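Commentary on secondary and tertiary structure
Given next are the chains, with one letter for each unit.
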Amino acid sequence: MAVTTVSRKVEYLYNPPPDYPSRARRLGLEGEVLIRTRVLPNGESGELVLGQSSGYAVLDQAAMEAVRKWRFRPARRGDERIVSWVEIPVRFRLER
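For the structure given in this document, a descriptive report is provided here. (Residues numbered from 1 in each chain as written. Predicted model: local features only at pLDDT ≥ 70, side-chain atom pairs only at ≥ 80, totals over all residues. Heavy atoms only, no water.)

**Here's the deal with helix α2 (residues 57–69)**
The criterion, for reference: A helix here means a DSSP run of H or I that spans at least four residues, while a strand means a run of E at least two residues long, and both kinds are numbered starting from the N terminus. An expected span of 1.5 Å times one less than the residue number is assigned to each helix. Only protein chains enter the area calculation, which uses a 1.4 Å probe; residues under 20% of their type maximum are buried, those over 50% are exposed, and those in between are partly exposed. We call two residues in contact when some of their heavy atoms are within 4.5 Å.
Over its 13 residues, α2 runs 19 Å from end to end, which matches the ideal 18 Å to within 8%, given 1.5 Å per residue. Every buried residue of α2 is accounted for by L59, D60, A62, A63, M64, A66 and V67. In the core, the buried residues of α2 are packed alongside α1 (22–27), β2 (31–39), β3 (45–52) and β7 (84–92).

Here is the structure:
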């Protein structure tokens, strides 16, 4: 069995925070969403999977929409950019 060595892991390149949904803000909803995304060789998010819900669909959706727009430095094997999966925690916390 061959072992694949990744010479560089995925890095964040452009990841603005998600918009806090106004409805969630009014209701005082907070939580953390765990998203798994497939980072493509061009640095874009490919497939997105909800790994763990915040318990609030409105927060989960806002997190998914934000990560879909994020850009990454893709993982590399030598000089080759490769597809890889990363887990991203997205936290929604209200300032008090």
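**Digging into the sheet that holds β3**
What counts is decided by this rule: Two strands qualify as a pair provided that DSSP identifies no fewer than 2 bridges between them. Comment: axis = line fitted to C-alpha atoms, over the contacting stretch for helices; angle = value between 0 and 180 degrees taken between N-to-C directions.
Strand order in the open sheet made by the three strands is β3-β2-β7, with antiparallel pairing throughout. Looking at the sheet topology across the chains shown, the edges are occupied by β3 and β7. When the angles between neighbouring strand axes are averaged without regard to direction, this sheet yields 30°. Where β2 and β7 come together, nine bridges link them in antiparallel fashion. Considered in β7, the bridge of V39 is made with S84.

**Side note on the pattern of salt bridges**
Applied cut-off: We define a salt bridge as a side-chain nitrogen of Lys or Arg found within 4 Å of a carboxyl oxygen belonging to Asp or Glu.
In the structure shown here, the tally under the stated rule is four salt bridges. One salt bridge in this structure joins R73 and E11, with 3.7 Å as the shortest N-O distance. One end of the pair, R73, is in strand β4 (residues 71–73); the other, E11, is in strand β1 (residues 11–14), with 62 residues separating them in the sequence. Residue R73 is classed as partly exposed on the basis of its relative accessible area, which comes to 38%.

**Considerations on the packing of aromatic side chains**
Selection criterion: A pair of aromatic rings is counted whenever rings of Phe, Tyr or Trp (Trp by its six-membered ring) have centres within 6.5 Å, and the orientation is called stacked for planes under 30 degrees apart, edge-to-face for over 60 and tilted otherwise.
Scanning the entire structure with this criterion turns up four aromatic pairs. For the pair Y12 and W70, a centre-to-centre distance of 5.9 Å together with 80° between the ring planes defines the contact as edge-to-face. Placement of the pair is Y12 in strand β1 and W70 in the loop between α2 and β4, with a sequence separation of 58 residues. For Y12, a relative accessible area of 44% gives the class partly exposed. On the basis of relative accessibility, which here comes to 6%, the residue W70 falls in the buried class. Ring geometry for Y12 against F72: centres 5.8 Å apart, planes inclined by 40°, an arrangement best described as tilted. Note that Y12 is positioned in strand β1 and F72 in strand β4, a separation of 60 residues in sequence. Overall, the relative accessible area of 3% leaves F72 in the buried class. An aromatic cluster is present here, built from Y12, W70 and F72 joined pairwise through their rings.

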